[in-house]
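What follows is the residue order along each chain.
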Amino acid sequence: LLDYKFAPMEDVRIQTRDGLELVAYLTRADTEKKTPLILLVHGGPWARDFWGFNSSAQWFANRGYATLQVNYCASTKKRVLSGAR
């Protein structure tokens, strides 16, 4: 895999209306221009996305799409960190 170029993943923070902060990961096909965006939703609430290689995000980036993976408020760990029950 060292011979291949992968799209970079960026850490994005999204402020919610109730004052919480959502952690999201943005993988962009092209960092110089705007591209279509795909919202890649994980299978929560007992799941979350993690920083690192994501084959789906890379596949979409290879085809010219940006991919946003959001850990929404009910995601695992987000619930614990925010004090929600």
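Here, every reference points to the structure presented above.
Described below are features of the structure shown in this document. Since this is a predicted model, take the numbers as computed values, not measurements. (Residues numbered from 1 in each chain as written. Predicted model: local features only at pLDDT ≥ 70, side-chain atom pairs only at ≥ 80, totals over all residues. Heavy atoms only, no water.)

### Examining the sheet that holds strand S2 (residues 21-27)
Reading across from one edge, S1-S2-S4-S3 is the order of the four strands in this open sheet, with mixed pairing throughout. Edge positions in the open sheet fall to strand S1 (9-15) and strand S3 (37-39), since each of these has one partner strand only. The sheet shows a mean angle of 30° between the axes of neighbouring strands, direction not considered. Both S1 and S2 contribute to a ladder of seven bridges, which runs antiparallel. Following the sheet pairing, Asp 11 is matched in S2 by Tyr 25. (Pairing = 2+ DSSP bridges. Helix = DSSP H or I, 4+ residues; strand = E, 2+ residues; numbered from the N terminus. Axes fitted to C-alpha atoms, helices over the stretch in contact; angles between N-to-C directions.)

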